[in-house]
Structure formats: structure tokens, C-alpha cells
Amino acid sequence: MKDQHKAYLYAGISVLLWSTVASAMKLSLVYLDFLQLLFLSVSVSLVVLFIVIVAQGKLKNVFKLPAKAYLRSAVFGLVNPFLYYIVLFKAYDLLPAQEAQPLNYTWPIMMTLLSIPILGQKINIQNFVAILISFIGVITISTGGDLLGFSFSNPYGALLGIASAVIWALFWIYNIKDKRDEISKLFLNFLFGIVYISIALAIFSDFPAFSTQHYLGAAYVGLFEMGVTFIIWSMALKKSTHTAKVSRLIYLVPFLSLIVIYFTVGEEILTSTLIGLGLIIGGLIFDNINFVRLMEKVKRKKKLKV
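Throughout what follows, the structure given in this document is the object of discussion. If you're wondering where the values come from, they're calculated on a predicted model, not measured in any experiment. Note that residues are indexed from 1 along each chain, following the sequence as it is written. Restriction of local features to residues with pLDDT of at least 70 applies here, the model being predicted, together with a cutoff of 80 or more for giving and counting side-chain atom pairs; totals for whole chains, interfaces and linings are based on all residues. To get the side-chain values, all heavy atoms of the structure are used, and hydrogens and water are removed first.

### What about the environment of Phe-76?
Selection rule: Note on conventions: DSSP H or I runs of at least 4 residues are helices, E runs of at least 2 residues are strands, and numbering of each starts at the N terminus. Each residue is placed in one exposure class: buried if its accessible area under a 1.4 Å probe, protein chains only, is under 20% of its type's maximum, exposed if it is over 50%, and partly exposed if it falls in between. Contact between two residues is taken to exist if any of their heavy atoms lie within 4.5 Å; hydrogens are not considered.
One can find Phe-76 in helix α4 (residues 67-94). On the basis of relative accessibility, which here comes to 11%, the residue Phe-76 falls in the buried class. Phe-76 sits 117 residues away from Gly-193 along the chain, and the two C-alpha atoms are 8.3 Å apart. Once you skip the residues sitting within four places of it in the chain, Phe-76 turns out to touch Phe-171, Tyr-174, Asn-175, Asp-178 and Asn-189.

Put into C-alpha cells, the structure is as follows:
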């Protein structure tokens, strides 16, 4: 099989797995509080990442890094998995899965906005239009389509859903600057993260009592939201001749998630959710197309200078 075909295969597997996670989180939160779910799922993910690092022969290198690298992981681990998933799981606890998932999926738009003050990038009319389209989609979902009434089904939950997108966008921007191996970096982040989560669990909750059903749900989230799927997706990006060829498939996730939510969680998918999600994805695609055009212009200018 050619590398590009393998890339599509790995990307397709990742998309299918990520499409099931929203339902798994919502179902697991019926039996566990958000801190218990976070502790169990991150623990499972940490074990998976450790096994992968050992299999790749990178374990020795992980513990031979300079002190600055561990300090960076200590900070990153505070953001992801600790803060990000606390906010995200609490949003899922308060909102229907069909609302929480699309709100979290606005993180690329948040990344565009945050890149202005952090990276010094300028926003043009295309970026503004893309942001506006996605923002209307967010309002459509959060208000159940009642745009004029502006009445949110759960304002706090909607705020948390959007906050999770902001946190992930911030993490992604600063994570790009970190040139360490992705899996080793993620392992160290989660290693520090489990310490923070354990402290929070001890103070604000209780260690979850054993139940096969409950633990399997948390393990599923840990494997396919945080661990295995990330590794498969990384393989897809490495195999692809161009990241854009596989990264565009990620737009299928929220639509497939709605199908899974309908059949597993039993939520009736509202028309407002479909319209709002369509607007969010439309804005993301429009913003992505504009970004690609800008990158092509930059490359052409560099060639001319040469």
C-alpha cells in the first residue's frame, strides 16, 4: 500500500474513533463525576503512551532532557490534560452532547483570533467573515435556534464549551513552538497532569469505586480521545505527502458524532444543531482556504527573492 493510501486509512480510523468520543464522555458522566472520569481516562492514556514510548525505544531519552524541558511539560500538563479536560468534561456534564461537541470544535477559529496578539498575525476580511459565520453557528446551537430571543439553554455550560476551545487553541499555539518528539512530549505532559488531577480528585471528589461498566467507559475515553487515536493521527500526518490532504477529513468528526450521539445517547438531534454545526464548519473551511492561500503567497514571495 502506498504511503498516501496508508495516510488516508490512518486518518479515516482516527476520524471514526474521535466521532465516538462525545457519546462515550456523555455516557460515562452518568456514572462518574468529571474529576473521576478525568483521573481514570488520563491514567489509561498515560499507560498507553508509556507502552508506545518503550516500544519505540525512547524511554531513556525522555528522562535525559534538560530541566527547562520538564518545566515546560509541568506547565503544559497544567493546561492539557488538567485544565482543558476539566472544563470540557464539565461542559459535557451540563450540556447535551450535541451542543458541547460543536462548541468545543470552534478551537481553530479561536486559534485564528489568539494568533493576532500572540503571534502578531493580522486579521483580514476573509478571516473576519469566517469568524462571523462560525460565531453565528455557535449562537444558533447555544440558543436552540432562538437567535432573536437570545435565550441560552445553559449559559454556564455554553461558556465552558467555548472556554474549552480557547484553552485548546492556546495550548496548540504554544505547543507548536515545542520541537520535542510529539509522543514523548505528550507523555510528560500527562505525567505531570496526573499529579494535578490526583490532587484535585483528593480535595474535591472521591476515588471512583470499581465498576466494570464505569471503568470501561473511562478507559474508552482515555484510549480513543487522548491516547491511541492521537498516535494513529500522527501516523497519518507523517505518511501523507501534504498534511492538508488528511487534515481536511477532521471536518467529518462533528457530523459523524451526531449520528453516534443519536443512536447511543438517545438525544434527538435538533435542526438548530445541524444548522449551527454547518455554519461552524463552513466558517472553519473558509478560514482554512484563506490560510492556505496566504501560505502560497508567502512561498511565492520567497522564491522570487531567491
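### Side note on the nonpolar core
Within soluble globular proteins, side chains that are nonpolar generally end up buried alongside one another. Selection criterion: Nonpolar cores are built from buried Ala, Val, Leu, Ile, Met, Phe, Trp, Tyr and Cys residues. Side-chain atoms within 4.5 Å join them into one set.
If you look at the biggest cluster of nonpolar residues, it comprises 78 residues, and the most contacted ones within it are Leu-38, Phe-89, Tyr-92 and Met-226. Ranked by residues supplied to this core, first place goes to helix α2 (residues 34-55) with 12 residues. In this view, Tyr-92 contacts Ala-22, Met-25, Lys-26, Leu-29, Ala-97, Ala-100 and Gln-101; residues no more than four positions away in its chain are not counted. Formed by five residues, the second largest nonpolar core is a distinct cluster that contains Met-110, Ala-165, Ala-169 and Ile-173.

### Considerations on helix α12 (residues 253-265)
Convention followed: Within this analysis, the arc is defined by the directions that extend from the helix axis to the C-beta atoms.
What α12 keeps buried is the set Val-253, Pro-254, Ser-257, Leu-258 and Ile-261. The buried residues of α12 all sit within an arc of 140° when viewed along its axis, so they share a single face.

### Brief notes about the packing of aromatic side chains
Applicable threshold: Two aromatic rings from Phe, Tyr or Trp, using only the six-membered ring of Trp, form a pair when their centres are within 6.5 Å; if the ring planes differ by under 30 degrees the pair is stacked, by over 60 it is edge-to-face, and anything between is tilted.
Applying the stated rule across the entire model yields 13 aromatic pairs. Taken together, the ring pairs connect Phe-76, Tyr-84, Tyr-85, Phe-89, Trp-107, Trp-168, Phe-171 and Trp-172 into an aromatic cluster.

What is shown is where atoms sit, not what they do.
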